[in-house]
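Each chain is listed here by its residues.
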Amino acid sequence: MDQRDTLIGWLNDAHALEKSLEPVLENHAKDAANHPEMAQRIQQHLQETRRHADLVRGCVERLGGSTSTVKNTLGKVTGFFQGLSTEPARDELVKNALSDYAAEHFEIASYRALIAGARALGETEVARVCEEILQDEERMARFLEQNLPMVVQQYLNADVPVGSGAGTPGFRNA
Ligand SMILES: [Fe+2]
Ligand SMILES: [Fe+2]
């Protein structure tokens, strides 16, 4: 297999990953409806994710490939991210935060690999686009990292009887 075809294959995997994360983020934004700041940040990343899919498709086409023949080799991985969130659970927001955190880090790993691959093959424009996407993923990962303790505390505080003095911690902006 030509090295360029290998890079196209990896970009196709990233495209499939972005497309499969769109419905996950849509659902998680709805789940977080009672937590407006979290819902709004997920909604923002949903827009970013749609843009990522378009940008990656542009990279595939620039290299002479097509995303229309995508084999979803990442089905198992993204199935894991989706799977955690389909079970109705009282601690749903905690479960969602875990899978979102994992998904962002999987994206970070994917784009770091793509940047190295694109640079190795002299595809500087592909590397530049992937670096731009990587920054969005890192910002979202940072937001989730900073807010994960709050999500857990809010869930546990919801179980604490009224009058116990437990406060409701606020969300933090990354
Ligand atoms: Fe993304
Ligand atoms: Fe992301």
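What comes next concerns the included structure.

Below, the discussion takes up the coordination of the iron ion (ligand 2). Bound to the iron ion (ligand 2) on the protein side are His45 (NE2), Glu104 (OE), Glu104 (OE), Glu107 (OE) and Glu137 (OE), at distances that span 1.9 to 2.6 Å. Read in sequence order, the donor residues for the iron ion (ligand 2) give the motif H-x58-E-x2-E-x29-E. A gap of 3.4 Å separates the iron ion (ligand 2) and the iron ion (ligand 1), which Glu107 links by coordinating each metal. Highlighted residues: His45 in helix H2 (residues 36–62) and Glu137 in helix H5 (residues 124–158), separated in sequence by 92 residues. A relative accessible area of 0% means that His45 is categorised as buried.

Quick look at the coordination of the iron ion (ligand 1) now. Six octahedral donors around a metal ideally subtend angles of 90 or 180 degrees, whereas four tetrahedral donors ideally subtend 109.5 degrees. Binding of the iron ion (ligand 1) to the protein goes through Glu18 (OE), Glu18 (OE), His52 (ND1), Glu107 (OE) and Glu137 (OE), at separations of 2.0 to 2.4 Å. Taken in chain order, the donor set of the iron ion (ligand 1) reads E-x33-H-x54-E-x29-E.

Applying the stated criterion across every chain, the model contains twelve salt bridges. Measuring nitrogen to oxygen at the nearest pair gives 2.5 Å for the salt bridge that ties Glu132 to Arg51. Taken as a pair, Glu132 in helix H5 and Arg51 in helix H2 lie far apart in primary sequence, 81 residues in all. Taking the relative accessible area as the measure of exposure, Glu132 reaches 26% and is therefore partly exposed. Note on Arg51: relative accessible area 39%, which makes it partly exposed. Glu132 is the partner of Arg128 in a salt bridge, and the nearest nitrogen-oxygen pair spans 3.2 Å. Of this pair, Arg128 and Glu132 both sit in helix H5, four residues apart, roughly one helical turn. Through salt bridges with shared partners, a single ionic network connects Arg51, Glu125, Arg128 and Glu132.

The next point concerns the nonpolar core. Among the nonpolar cores identified, the biggest contains 20 residues, and Leu11, Tyr111, Leu114, Val126 and Cys130 are the most heavily contacted of them. At the level of elements, helix H1 (3–31), H2, helix H4 (92–120) and H5 are the ones that each hand at least two residues to this core. By residue number, the principal contributor to this core is H5, which donates seven residues. Leu114 has contacts with Leu7, Trp10, Leu11, Ala14 and Cys130, leaving out every residue within four places of it along the chain. If you look at the next biggest cluster of nonpolar residues, it comprises 13 residues, including Met38, Ile42, Leu144 and Val151.

Turning our eyes to something else, we now look at the environment of Gly64. By secondary structure assignment, the location of Gly64 is in the loop between H2 and helix H3 (75–86). Placed 56 residues apart in sequence, Gly64 and Ile8 show a C-alpha to C-alpha distance of 8.5 Å.

What counts, and at which threshold
Residues numbered from 1 in each chain as written. Chains lettered and ligands numbered in written order. Predicted model: local features only at pLDDT ≥ 70, side-chain atom pairs only at ≥ 80, totals over all residues. Heavy atoms only, no water. Donors = N, O, S within 2.8 Å, 3.2 Å for Na, K, Ca; no water. Helix = DSSP H or I, 4+ residues; strand = E, 2+ residues; numbered from the N terminus. Buried < 20%, exposed > 50% of the residue type's maximum accessible area, 1.4 Å probe, protein only. Salt bridge = Lys/Arg side-chain N within 4 Å of Asp/Glu carboxyl O. Core = buried A, V, L, I, M, F, W, Y, C linked by side-chain atoms within 4.5 Å. Contact = heavy atoms within 4.5 Å.

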